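One letter stands for each residue in the lines below.
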Amino acid sequence: MKTLKLSLLFIVFFKACISAQERKLSTFVNPGCALPASGCDDLLLVHIRSEGANDTLHHIWDVSRQPSLMLALTDRNCSLLVNWTSYASNHVAHSISFTSQPKYVISVVVDAIIEFNDTDDMGKLDVSNAEADYVRLMKTDQVSWKMVQPMTNDTNTVLLAVEGHPNNTDTNVTAPIQISMGAFGGVERGSRLPHMLHSANMSQMDITLDHLATRGERSRLGVSLVVVTSSPNQPLSYHDKAAIDDEYAPGVFKMVELLSAGAREQKFEPLDKAAEAAAATSSSPIQYGGYLQWRPIAYTAPTRDDSQATRATHYGIAHAPTADAILPFKLFGNDSGALYQTTNVTFGQPEDGFYNKTRFASWSVTHHLSIILTFYKL
């Protein structure tokens, strides 16, 4: 019988597995900071080395000015460097760097809290409304941030909680803006709704707006995000996909993803048998990317019960002007190797009573690195 050679296409798409399913976490707060006159006390930069078998994923959390998360994938022995004098000035490019070029970087910055007057109870922003008083932005660099409890810090999980008081407000009352950040050494489910899937190649941010002062009874709130990637020719795009794990967030059958091109496109390159082994090495066709992911819901009470959920609505993506005080600028500056973009997410839906019904809104988003290996096997 004549043997026929069949070409079989194998596509291996890892959204959450760069080099291993598990990583060892090591955490450093303001690493190497030795500024005079207690200058380090006014800064909060957390560096988490997440070491895999063949690489290191660096989590960098910056709450010195505007809350920011960064993921940077590097060689295993690569280290973070901080020029603390430049970093503390808030306006100096390249005040943070790495000892070798990162393979991929994605960063998200909470740039502003959005408040808009939803007089028609639409449940979302009317992007055509040009009235001067329709939208108010509270820039997060106009907020005083501080850590509210000791970090949870071990080799498998790191959790940080910070709170913010808008400048010129009473700091003796509960802070109206709370943000928590988490990094994880392996695969697990979040303990609170919407029970997002955690892995060793992502981080999670939870944003809570609790009794934030608003301008009117029909105010709705949201967040403006700046997302920066090291892929200047690969703009972000939205993708809504069906969620097959709705048992973790009952009634929510959709997941929203804000994807870089590297996380949504496959490269196809044929390999012969002799080259098959290269599929797991740096010589194989590897494309890195990053993405944000969330369920399109926010919660209107601290208990995060299913009955206390409302809609999280996302909008278009635009170019973001380079802001010289944010974390990504301190790495990239104005380099052509970075792409700065912005998008908005607001909370609410028609007939939910607006923000002032409970004066509480909480939303979770995860932040991922991904790798795509695509190859032919003959």
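Our structure is the block above this text.
Residues numbered from 1 in each chain as written. Predicted model: local features only at pLDDT ≥ 70, side-chain atom pairs only at ≥ 80, totals over all residues. Heavy atoms only, no water.

**Section: the overall build of the protein chain**
When you go through the protein chain residue by residue, the secondary structure sums to 2 helices and 24 strands. Residue burial in the protein chain is summarised as follows: out of 378 residues, 53% are buried. The long-range share in the protein chain, meaning contacts at least 24 apart out of those at least 6 apart in sequence, stands at 71%. (Helix = DSSP H or I, 4+ residues; strand = E, 2+ residues; numbered from the N terminus. Buried < 20%, exposed > 50% of the residue type's maximum accessible area, 1.4 Å probe, protein only. Contact = heavy atoms within 4.5 Å.)

**Observations concerning the side chain of glutamate 257**
Mapped onto the fold, glutamate 257 is located in strand 19 (residues 254–259). A distance of 2.7 Å separates polar atoms of two side chains, one belonging to glutamate 257 and the other to glutamine 293. (Polar contact = N/O pair within 3.5 Å; in protein donor to acceptor, adjacent residues only side chain to side chain.)

**Description of the packing of aromatic side chains**
Under the counting rule described, the total for this entry stands at 5 aromatic pairs. Ring geometry for tyrosine 238 and tryptophan 294: centres 6.0 Å apart, planes at 85 degrees, overall edge-to-face. One end of the pair, tyrosine 238, is in strand 18 (residues 237–242); the other, tryptophan 294, is in strand 20 (residues 286–294), with 56 residues separating them in the sequence. The interplanar angle of 40 degrees and the centroid separation of 5.9 Å between the aromatic rings of phenylalanine 347 and tryptophan 363 together place this pair among those described as tilted. Of this pair, phenylalanine 347 sits in strand 23 (residues 339–347) while tryptophan 363 sits in strand 24 (residues 360–377); the two residues are 16 residues apart in sequence, bridging distant segments of the chain. (Phe/Tyr/Trp six-rings, centres within 6.5 Å; stacked < 30°, edge-to-face > 60°.)

**Thoughts on the pattern of salt bridges**
Scanning all chains against the criterion turns up 14 salt bridges. Of the charged contacts, one joins arginine 136 and glutamate 115 as a salt bridge, the two residues approaching to 2.5 Å between their closest N and O atoms. Here the residue arginine 136 occupies a position in strand 9 (residues 135–139), and glutamate 115 occupies one in strand 8 (residues 104–117), the gap between them amounting to 21 residues. Its relative accessible area of 3% is what places glutamate 115 among the buried residues. (Salt bridge = Lys/Arg side-chain N within 4 Å of Asp/Glu carboxyl O.)

**Observations concerning unusual backbone geometry**
In this model, leucine 193 is joined to proline 194 through a cis peptide bond whose omega is 10 degrees. Of note in this structure, aspartate 121 is not a glycine but carries a positive phi near 55 degrees. Note that aspartate 121 resides in the loop between strand 8 and strand 9. By relative accessible area, aspartate 121 is classed as buried at 19%.

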